[in-house]
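Residue-level structural notes
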Amino acid sequence: MKRGIQRVMGVVPTRLPMPSLGNIFVSLKNKMLEITATDLEITVTAKVEILDSEGEGSVLIQAKRFQDIINQLPDVPLEIEVKEPLKVTLKGEGVGEYILPGGDPIDFPELPEIDARVSFDMSGEILKRLITKTMFAVSHDEMRPILTGVLIQLRMNEICIVATDGHRLSRIKRTDISYSGEEKDVVVPMKALHQLLQGIEDDDEPTIGIAETRASFTTDSQRLTTRLIDGHYPNYQSVIPEDNPHTMTVNTDDMMSVVKRISVFAHPISHQVKITIKQDSALLEAEDPEIGGRGEESIAVNYEGEPLELAYNCTYLADVLRQIDTEEAAFKLNTSNDAAIIKSTVQNDDEDLLMLLMPIRLNR
Amino acid sequence: MTETLERPPIITLPQSVADRIAAGEVVERPAAVVKELIGNAIDGGADRMTIAIEDAGRTLIKVVDNGFGMTESDLAAAIGRHSTSKLKRFEDLESLSSFGFRGEALPSIAAVSRLNIISRARGQDVGTELSVSGGKIEKAEPVAAPEGTSISVGHLFFNVPARRKFLRTDATEFKWIASVFKHFALAFPSISWELYRNKDLLYQLNPGDERSRLAGLFGDDVAEEMIPINFQRGWLTVHGLISPGSLAQRTTSDQYLYINNRPIVSPRLNRAIYTACEPYYTSGGHPIYVIKLESAPDQFDINVHPAKKEVKFADEKGVFGNLWAAVRRAISDDRAPRELTVEKKSQMETAASAVSERSPVDAPAHLTPFVPLPRRSQTSGAPAMPFSPDRKRGEEAETDSQLQDLAGAESAQRLVGVPESSGDDGPVIWQVFDTYLVSPLKTGIVFIDQHVAHERILYERALRAIEKEPWTSQVLLFPVSFAVSPEDVDIVEECLPLLRSMGFAVDPIGPRDFRIQAVPAGIRITGERDLLLGIIAEFKDTATSNSDPRHRLAAAFACRGAVKAGQPLKTEQMQRLIDELFGCEDPEFCPHGRPIYHVINRREIDKWFRR
């Protein structure tokens, strides 16, 4: 029960567009207990194992109070009873009796039925990996809602997930997916992805269903449906440079440590870090002229090409490095005004992760 | 009283001087000349009009029409003062519906320019050419000419250097000319119009109805969406077009109100329109409208001063009510209100719920909407003094120390119940009405307007970037293009170098198209295109003020970039906002002069409870 409530609490809105959304919908049917919460955009239903049941029905329970009491209860079998209309009694051995005011289930918004035209299964572990590797680049600009979600592109035996906020981009492809349906592009909102990361276990085998305006992710213990973001995702393929001439290879962890140290001295607003790349070393510099702080550190790199001077937002740089699993990271570079492509030096056969970072123009 | 005051002798001014003084009243600026000439042409029965402007009217204003035209004697008379053909045609002044009835326009213009008129009256074989310079007729001879009148006003104010000096930049002067043009073009959709600027054809408008005229001026998308208004009650008829809430504008520049086809300005009637459409403008903004009132001439009075367009009605309340009803009925028939409120809210939630609290590198940068303002020099570990000592006097001194208390880390928590512990001992801040930040002080309560506070922060930051150290630019992966109306091109080009030092890299990519390649690094921007268009609109709107363009642009950026009233903020955003505000040079007033914060003293609160 605790786990079930945890799963659904994430979608209970903090500011309520409708008062009934502060409740969770509890329903007993065919000897199955389900609890549901929704913010109208995302709906999560958790299935709760029950030992025994009597009768059928549903009731609304104030989400916050229900969670608080369940969390405080020890791990003992509980008896939940709705005796009189709209009065929920909680009982358990050695824990006394609690009465929660219930609500009329009719007040709860009607749950969206999803008529999936496309449906397939994949491993929970892989799904979570795909989300993690892209989610950092999702935009928070409400003026461009399409970028506030991740793009999921389904192709024959292939899934490709893309996120960008217009300053950086992350794209991950898997070619070990058993998918044979139609080609499909959908954009899933960020909040649904957060919920999935929390709600799905590595050994789950979620079934993903996609309809016109909604998508669902169903496992044995929960089902999440989300509204899809409407609109045209920008043509990201055309902005990924294919032939950046210079490559810099660097130890991922070392680079990360340097970036973290340097960023302490980065300008507090622009977060700018300057990188001067030569044959076998790169010099990272940051400066906050307002307080007079300054830092520089050199790092060994493998680099062919003309010396280059570039600048990036150090936060973005750290975000990117964090996604690299291999010992070394490869930066494919062009000029100081062009996109950099960052990849792992060794890629799994079935997976292709590409990240793109736009520079900060050096101000001379 | 028998004392006689000694009276200075009255001297008659030479005619040329008197003319120039009188001219100043009618022709303040090139746009006024354009207005008079177009008005005359319309009175002259023209249905095709070509207007050519060079150097924003400084060098040339030319209006060519196909109206009745004038004979040689008409022409000579037109140059003489108070010669008007129009009063003969109408019985009394009250019922006048023509534009230039005072007979002042042409002589006034002639007095301050080099005027050339070529005209052939309908039914005449030959036309007449008349040249006047500074009020003196230099040439009057027969000439072959098409039917109609062509008037060229060259070198306006060539003999009035003071007036010439007061003209604004070309971009601004042309903006006013374009506004006059649009007012007439919308008032007379059945006339075909052309407007040239420095030989480029800006607008070519074919005869049609109001909607097609709007399409010609603002584009098909806008015209299609406009809601028709048709209303008649008693002696008042209202018809026209108004935009739905989805077309809300950032500025009020596209609002056209007429009475009997004469453009007017009326704050009161404007309010009637706004209150009528308010429920349908759920996310704010201004409507575009073209609204024409028709009324018997004896029901209203237009101030006849040539430069003013204000109107008074015999029955103000009736007009207000009827106009309100006309607009409300049109717009409510067209759309159901507030259809999207729930959806929007849930989207906002999604964005807000994603914010987490981590160290700078661990947290994605875009999650921090407010970034600390560069601190002023901090030599010791003490918090920066938010105020300079010399500003302290009397009660304000107390306020100062209160605010230091707030800006510094000293906690006020023990004074009030703490709603939700934020985990550190920063000051308690609440947000009320999603608009004001409220925080308890040792000796009172401070209220801060979040929008103006952020405005002040961004203003100082932008100004520093423009004047001292240019801001660096985050290059965009998807450059954003935008188009401006032809007469705004100059304004945008005037802004570009300043925008560049603020971190916006904007390049021209077409005659009226621009591309945003980069934005100020690290400053959270939502909707680059809207922000930039907003800045340009704001910059344009303030073009009439005398202030330095750098300040105007910084203020425009601050105004458009700042958090809005009504926007929920997270605790750390509020805290940073307050910290940055009191790091500003002048945390008391926003760039427009509005106060940023207000303190209620404990003494005052005590009084409420008679302690």
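Residues numbered from 1 in each chain as written. Chains lettered and ligands numbered in written order. Predicted model: local features only at pLDDT ≥ 70, side-chain atom pairs only at ≥ 80, totals over all residues. Heavy atoms only, no water.

Focus on the overall build of chain A
Keep this limit in mind: Under the scheme used here, helices are H or I runs from DSSP no shorter than 4 residues and strands are E runs no shorter than 2 residues, and both carry numbers assigned from the N terminus. Every residue pair with non-hydrogen atoms within 4.5 Å of one another is taken to be in contact. Each accessible area is a Shrake-Rupley result for a 1.4 Å probe, and residues are judged covered by the shown protein chains and nothing else.
A count of helical and extended segments in chain A gives six helices and 24 strands. If you take every contact in chain A between residues at least 6 apart in sequence, the share linking residues at least 24 apart comes to 64%. Taken as a whole, chain A presents about 16600 Å² of accessible surface, with 46% of it coming from carbon and sulfur.

A look at the pairing of strand β7 (residues 97–103) of chain A
Residues and elements named next belong to chain A. Using the following cut-off: Here a strand pair is declared whenever DSSP counts at least two bridges between the two strands.
With two bridges joining them, strand β4 (residues 57–62) and β7 adopt antiparallel strand pairing. Bridge pairing links L60 to G103 in β7. The antiparallel hairpin formed by strand β6 (residues 87–92) and β7 contains four residues in its connecting segment, where G94 sits at a positive phi of about 75 degrees.

Re the sheet that holds strand β18 (residues 444–449) of chain B
Two pairing modes exist for strands in a sheet, parallel and antiparallel, and in both the strands are linked by backbone hydrogen bonds. All names here are of chain B. The criterion, for reference: Axes, fitted as lines to C-alpha atoms, cover a helix only where it is in contact. Angles between the N-to-C directions of the axes lie from 0 to 180 degrees.
Ordered in space as β16-β17-β18-β22, the four strands form an open sheet in which the pairing is antiparallel. Each edge of the open sheet is held by one strand with a lone partner, namely β16 (430–432) and β22 (597–601). Each neighbouring strand pair of the sheet contributes to a mean axis angle of 25 degrees, computed without reference to strand direction. Judged from the five bridges that link them, β18 and β22 form a sheet pairing that is antiparallel. Following the sheet pairing, F447 is matched in β22 by H598. Set on the sheet, helix α14 (residues 450–467) makes contact with β16, β17 (436–441) and β18; between it and β18 the angle comes to about 70 degrees. Packed on one face of the sheet, helix α18 (residues 571–581) meets β16, β17 and β18 and runs near 75 degrees to β17.

Quick notes on the sheet that holds strand β9 (residues 227–233) of chain B
Residue and element names in this part refer to chain B. Taken in spatial order, the five strands make up an open sheet running β9-β10-β13-β11-β12, and their pairing is mixed. Each edge of the open sheet is held by one strand with a lone partner, namely β9 and β12 (262–263). Of the pairings in the sheet, the one linking β9 to strand β10 (residues 236–242) comprises seven bridges and is antiparallel in character. Bridge pairing in β10 links I227 to I242. Lying over the sheet, helix α8 (residues 210–218) contacts β9, β10, β11 (255–259) and β13 (289–294), oriented at roughly 40 degrees with respect to β10.

Observations concerning a negative patch on the surface
Put simply, the rule is: The patch calculation keeps residues exceeding 30% relative accessible area without a salt bridge and links them within 9 Å when they carry like charges or within 5 Å when they are nonpolar (Val, Leu, Ile, Met, Phe, Trp, Tyr). Throughout this description, the term salt bridge denotes a Lys or Arg side-chain nitrogen within 4 Å of a carboxyl oxygen of Asp or Glu. We treat Lys and Arg as the positive residues and Asp and Glu as the negative residues; His and chain ends play no part in the count. To locate a charge, take atom NZ for lysine, CZ for arginine, CG for aspartate or CD for glutamate.
On the surface, a cluster of negative charge is contributed by D253, D254, E327 and E328 of chain A. For E327 of chain A, the location among the structural elements is in the loop between α6 (314–322) and β21 (328–333).

A word on the packing of aromatic side chains
Residues and elements named next belong to chain B. Stated formally: In this analysis, rings of Phe, Tyr and Trp, with Trp reduced to its six-membered ring, are considered paired at centre separations within 6.5 Å, and the interplanar angle assigns stacked below 30 degrees, edge-to-face beyond 60, and tilted for intermediate values. Note on exposure labels: buried denotes an accessible area under 20% of the residue type's maximum, exposed denotes more than 50%, and partly exposed covers the range between, all computed with a 1.4 Å probe on protein chains only.
Applying the stated rule across the entire model yields ten aromatic pairs over all chains. Seen in terms of ring centroids, F218 and Y256 are 6.4 Å apart; in terms of plane orientation they differ by 40 degrees. Their pairing is tilted. Of the two residues, F218 is situated in helix α8 and Y256 in strand β11; the sequence distance between them amounts to 38 residues. With relative accessibility at 2%, the residue Y256 sits in the buried group. Ring centres 6.4 Å apart and planes at 85 degrees place the aromatic pair F433 and Y436 in the edge-to-face group. According to the relative accessible area criterion, F433 is exposed, its value standing at 70%.

Considering the pattern of salt bridges
Residues and elements named next belong to chain A. As enumerated under the stated definition, the model contains 41 salt bridges over all chains in all. With its nearest N and O atoms 3.1 Å apart, the salt bridge here joins D319 to R322. Of this pair, D319 and R322 both sit in helix α6, three residues apart, which is roughly one turn of the helix. Overall, D319 belongs to the buried group, its relative accessible area being 2%.

Some details on the pairing of strand β20 (residues 505–508) of chain B
Residues and elements named next belong to chain B. Pairing geometry for β20 and strand β21 (residues 513–520), over four bridges, is antiparallel. Residue pairing in the sheet places V506 in a bridge with I516 of β21. Counting the residues between successive antiparallel strands, the hairpin from β20 to β21 contains four residues.

Some details on the environment of Y597 of chain B
Residues and elements named next belong to chain B. Along the polypeptide, Y597 turns up in strand β22. According to the relative accessible area criterion, Y597 is buried, its value standing at 13%. Placed 150 residues apart in sequence, Y597 and F447 show a C-alpha to C-alpha distance of 5.4 Å.

Examining the state of the cysteines
All names here are of chain B. What counts, and what does not: Here, a disulfide means two cysteine sulfur atoms that sit within 2.5 Å of each other.
A complete count under the given rule lists zero disulfides over all chains for this structure. No disulfide involves C590; its nearest neighbouring cysteine sulfur is the one of C559, lying 8.2 Å away. Relative accessible area serves as the criterion here: at 2%, C590 is assigned to the buried category.

What to know about the side chain of E460 of chain B
All names here are of chain B. To be explicit about the condition: N or O atoms closer than or at 3.5 Å make up a polar contact, with two conditions inside protein: a donor-capable atom paired with an acceptor-capable one, and, for residues adjacent in sequence, both atoms drawn from side chains.
When you line up the elements, E460 lands in helix α14. Note on E460: relative accessible area 7%, which makes it buried. Looking at E460, its side chain comes within polar contact range of the main-chain nitrogen of D586, at 3.1 Å. The contact partners of E460, leaving out residues within four places of it in the chain, are C584, E585 and D586.

Description of the packing of helix α3 (residues 124–135) of chain A against helix α4 (residues 190–199) of chain A
All names here are of chain A. Let me state the cut-off plainly: When an angle is under 35 degrees it counts as roughly parallel; over 145 it counts as roughly antiparallel; between 65 and 115 it counts as roughly perpendicular; any other value is oblique. What makes a crossing left-handed is the near helix being turned counterclockwise from the far one by less than a right angle; a clockwise turn instead makes it right-handed. All amino acids are sorted into three groups, where Ala, Val, Leu, Ile, Met, Phe, Trp, Tyr, Cys and Pro are nonpolar, Asp, Glu, Lys and Arg are charged, and the leftover types, Gly among them, are polar.
Taken N-terminus to C-terminus, the directions of α3 and α4 make an angle of 135 degrees; their axes are 10 Å apart at the nearest point. Here α3 is positioned oblique relative to α4, judged by the angle of their axes. Our pair here, α3 against α4, has a crossing hand that is left-handed. Between α3, through K128, I131, T132 and M135, and α4, the contact on the second element is made entirely by M190, L193, H194, L196 and L197. Among the residues forming the contact of α3 with α4, the class breakdown is six nonpolar, two polar and one charged.

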